[in-house]
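Given next are the chains, with one letter for each unit.
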Amino acid sequence: MSATVAFLDLGAAYRELKEEIDAAVHRVLASGCYVLGAEVEAFEAEWAAYCQAQHAVGVSNGLDALILALQALGIGPGDEVIVPSNTYIATWLAVSEVGAVVAPVEPDPSTYTLDPARVEASISPRTRAILAVHLYGQPADLDPLLTLARRYGLYLIEDAAQAHGARYKGQRIGAHGDAVCWSFYPSKNLGALGDAGAVTTNDSAIAERIRLLRNYGSRRKYHHELRGRNARLDPIQAAVLRVKLAYLDSWNERRRALAACYHEKLACSELALPKQAPWADHVWHLFVVRTPKRDELQRHLATQGIETLIHYPIPPHRQTAYRDLFSTDKTVLPIAEILAGEVLSLPIGPHVKLEAAERIAQLTITWQGLQT
Ligand SMILES: *Cc1c(COP(=O)(O)O)cnc(C)c1O
């Protein structure tokens, strides 16, 4: 019996960098500074430079990054924000949190990212922003979305929680839209050892508003310019992220090698494999295949010790949280619903071995031969 393959081994990521991470954490512990301060500022400067953006503001997590970006742009009650129908629910929850209304748009079924033609058809007089998601590590087609945003006077916000290091037409994700929102949740391509997030932007006024909003609307202690919140990046997490940032490119390369292996070994299978769009340098946060027999394949791999996951099994409009906005009996967003029934994420990550990917591909081909 061959070894089992976990979908994700976060402990392995820590063990590989243990000495450096431990030293970074101890540096913060010894500094006596436990909220904001030099460590957060240093990470912000390094993350902005990496993303080819002028500003980065460290915040508490990815959901707060989205909420703060929407607030900084003045989006709230009475406004509509275009969101993908096939995203992690955080994208939608941020819009709802600021009191705006989600206007879901279906993705391009080959890239799984927002389809600009469908976006244009969904723009209403109340639309204030397009919130694009670089799903699974692949950038959405940003140029046509930027053209639409300019033509209709909308903001373009990017949910880049799965796209650390990805490029659109050669330029790093980080400053194409008005605000780019990052999560450093532990499983992301750049992951902290707890919750963390950031917003990058080339607009100094937006950066400044987010800087205030994350810290009680305050620049000077006990002077409050805005009704802000406490949504600050923790300096211990900032120190860990500074260590891991130095490895992001090489760890993304490991993901690319695994994706190339899956593509090669599964080319002859009947699975729909992920497609890299011509504009994209994909960073393979997830390797998502599709088959109408998804549940059977998942069960088969599980019997062989292979852990797979589904991103995502229930689209946001089918969640109880959004029951009031969408009637449950009508198919309103068919692409999102088909994807939810067919997608399967194979193990990928900096600590998945190439031999494991080869074995998973082989098991998949064998399984397919057993299907009638
Ligand atoms: C992870 C993720 C988020 C939320 O990030 P948190 O840090 O967990 O709040 C938002 N959007 C997408 C697409 C994500 O994958």
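Keep in mind it's a predicted model, so treat the numbers as computed, not measured. (Residues numbered from 1 in each chain as written. Predicted model: local features only at pLDDT ≥ 70, side-chain atom pairs only at ≥ 80, totals over all residues. Heavy atoms only, no water.)

### Remarks on the overall build of the protein chain
Part 1 of the reasoning: For the protein chain, the helix and strand inventory stands at 13 helices and 14 strands.
Part 2 of the reasoning: By its C-alpha atoms, the protein chain is 70 × 55 × 35 Å across when sized along the principal axes.
Part 3 of the reasoning: Per-residue burial over the protein chain gives 56% buried out of 372 residues.
Part 4 of the reasoning: In the protein chain, the proportion of contacts linking residues at least 24 apart, taken out of those at least 6 apart, comes to 70%.
Part 5 of the reasoning: In the structure as shown, the protein chain presents an accessible area of about 15900 Å², 52% of it carried by carbon and sulfur atoms. (Helix = DSSP H or I, 4+ residues; strand = E, 2+ residues; numbered from the N terminus. Buried < 20%, exposed > 50% of the residue type's maximum accessible area, 1.4 Å probe, protein only. Contact = heavy atoms within 4.5 Å. Areas by Shrake-Rupley, 256 points an atom, 1.4 Å probe, with all protein chains shown as cover.)

### Digging into the sheet that holds strand β8 (residues 179-183)
Part 1 of the reasoning: The strand order across the open sheet built from seven strands is β1-β9-β8-β5-β4-β2-β3, with neighbouring strands paired in mixed fashion. The sheet terminates laterally at β1 (55-59) and β3 (101-105), the two strands that pair on one side only. Ignoring which end each strand starts from, the neighbouring axes of this sheet average 25° apart.
Part 2 of the reasoning: Alignment of β1 against strand β9 (residues 197-201), held across five bridges, turns out to be antiparallel. Within the sheet, the bridge partner assigned to Val57 lies in β9 and is Val199.
Part 3 of the reasoning: Taken strand by strand, helix α3 (residues 38-50) contacts β1, β8 and β9, and its axis lies near 130° from that of β1.
Part 4 of the reasoning: The strands touched by helix α8 (residues 204-213) are β1 and β9; relative to β1, the strand with the most contacts, the crossing angle is about 15°. (Pairing = 2+ DSSP bridges. Axes fitted to C-alpha atoms, helices over the stretch in contact; angles between N-to-C directions.)

### Regarding the site of the ligand
Part 1 of the reasoning: Around the ligand sit Asn61, Gly62, Leu63, Tyr88, Ala90, Val133, Asp159, Ala161, Gln162, Ser183, Tyr185 and Lys188, and those are all the residues in its vicinity.
Part 2 of the reasoning: For the ligand, a nitrogen atom lies 2.7 Å from a polar atom in the side chain of Asp159.
Part 3 of the reasoning: Residue Gln162 places a side-chain N or O atom 2.8 Å away from an oxygen atom belonging to the ligand.
Part 4 of the reasoning: Within the complex, the protein chains bury 91% of what would otherwise be the 380 Å² of accessible surface of the ligand.
Part 5 of the reasoning: Here the shell around the ligand is composed, by residue class, of six nonpolar, four polar and two charged. (Near = heavy atom within 4 Å. Polar contact = N/O pair within 3.5 Å; in protein donor to acceptor, adjacent residues only side chain to side chain. Nonpolar A, V, L, I, M, F, W, Y, C, P; charged D, E, K, R; others polar.)

### A word on the UniProt feature "modified residue: N6-(pyridoxal phosphate)lysine" (unreviewed entry) in the protein chain
Part 1 of the reasoning: Mapped onto the present numbering, the UniProt feature "modified residue: N6-(pyridoxal phosphate)lysine" (unreviewed entry) falls at Lys188.
Part 2 of the reasoning: Along the polypeptide, Lys188 turns up in the loop between β8 and β9.
Part 3 of the reasoning: By relative accessible area, which is 16% here, Lys188 ends up buried.
Part 4 of the reasoning: Every residue in contact with Lys188, bar those within four places of it in the chain, is listed here: Ala161, His164, Ser183, Arg255 and His285. (UniProt positions renumbered as here; feature names shortened; annotations may be inferred.)

### Considering the pairing of β1
Part 1 of the reasoning: In terms of residue burial, β1 counts as a mostly covered element, since five of its five residues are buried.
Part 2 of the reasoning: In β1, alternate side chains face the same way, and those of His55, Val57 and Val59 on one face and Ala56 and Gly58 on the other are all buried.

### Some points on the sheet that holds strand β7 (residues 171-172)
Part 1 of the reasoning: Across the sheet, three strands lie side by side as β7-β6-β12; this open sheet has antiparallel pairing. The open sheet has two edge strands, β7 and β12 (280-281), and neither has a second partner.
Part 2 of the reasoning: Sheet analysis places strand β6 (residues 167-168) next to β12, joined by two bridges and oriented antiparallel. When the sheet's bridge partners are listed, Tyr168 is paired in β12 with Ala280.

### Points about a nonpolar patch on the surface
Part 1 of the reasoning: A cluster of nonpolar residues, Leu29, Tyr34 and Val35, forms a patch on the protein surface that exposes about 290 Å² of accessible area.
Part 2 of the reasoning: With respect to the helices and strands, the residue Leu29 is situated in helix α2 (residues 18-31).
Part 3 of the reasoning: The class for Leu29 is partly exposed, based on a relative accessible area of 41%. (Patch = residues over 30% accessible without salt bridge, like charges linked within 9 Å, V, L, I, M, F, W, Y side chains within 5 Å. Salt bridge = Lys/Arg side-chain N within 4 Å of Asp/Glu carboxyl O.)

### A closer look at the pairing of β8
Part 1 of the reasoning: Across the five residues that make up β8, a large majority, five, are buried.
Part 2 of the reasoning: Burial along β8 is two-sided: the face carrying Ala179, Cys181 and Ser183 and the face carrying Val180 and Trp182 are both buried.
Part 3 of the reasoning: Where strand β5 (residues 155-159) and β8 come together, three bridges link them in parallel fashion. Note that in β8 the partner of Ile157 across the bridge is Ala179.
Part 4 of the reasoning: Sheet topology places β8 next to β9; four bridges connect them, and they run antiparallel.

### Notes on helix α11 (residues 294-303)
Part 1 of the reasoning: Residues Arg294, Leu297, His300 and Leu301 constitute the buried set of α11. Buried residues along α11 cover an arc of 130° about the axis, so they all sit on one side. Relative to its buried face, α11 has exposed residues pointing more than 90 degrees away, namely Arg299 and Thr303.
Part 2 of the reasoning: The inward-facing, buried residues of α11 contact α12 (334-342), β14 (343-346) and α13 (354-370).
Part 3 of the reasoning: Gly305 sits one or two positions beyond α11 and adopts a positive phi of about 85°. (Arc of directions from axis to C-beta.)

### Overview of the domain arrangement of the protein chain
Part 1 of the reasoning: By the assigned domains, the protein chain splits into domain 1 (10-245) and domain 2 (248-371).
Part 2 of the reasoning: Put simply, the middle of domain 1 and the middle of domain 2, counted by C-alpha atoms, are 24 Å apart.
Part 3 of the reasoning: Each partner contributes residues to the interface: domain 1 has 45 residues there, and domain 2 has 35 residues.
Part 4 of the reasoning: Carbon and sulfur atoms make up 61% of the area that domain 1 and domain 2 hide from each other, which totals about 3400 Å².
Part 5 of the reasoning: Its largest share of buried area at the contact with domain 2, domain 1 owes to Tyr112, Tyr136 and Asn189, together 22% of the area lost on that side.
Part 6 of the reasoning: For the pair domain 1 and domain 2, the interface holds two salt bridges.
Part 7 of the reasoning: The closest approach of N and O atoms between Glu16 and Arg254, which form a salt bridge, is 2.8 Å.
Part 8 of the reasoning: Broken down by secondary-structure element, the contributors of at least two residues to the side of domain 1 that touches domain 2 are α1 (10-16), α3, α5 (90-97), β3, β6 and α9 (235-245).
Part 9 of the reasoning: Residues of the side of domain 1 that touches domain 2, tallied by class, amount to 22 nonpolar, 14 polar and nine charged. (Domains from an automatic or database assignment. Buried area = accessible area lost by both parts, 1.4 Å probe.)

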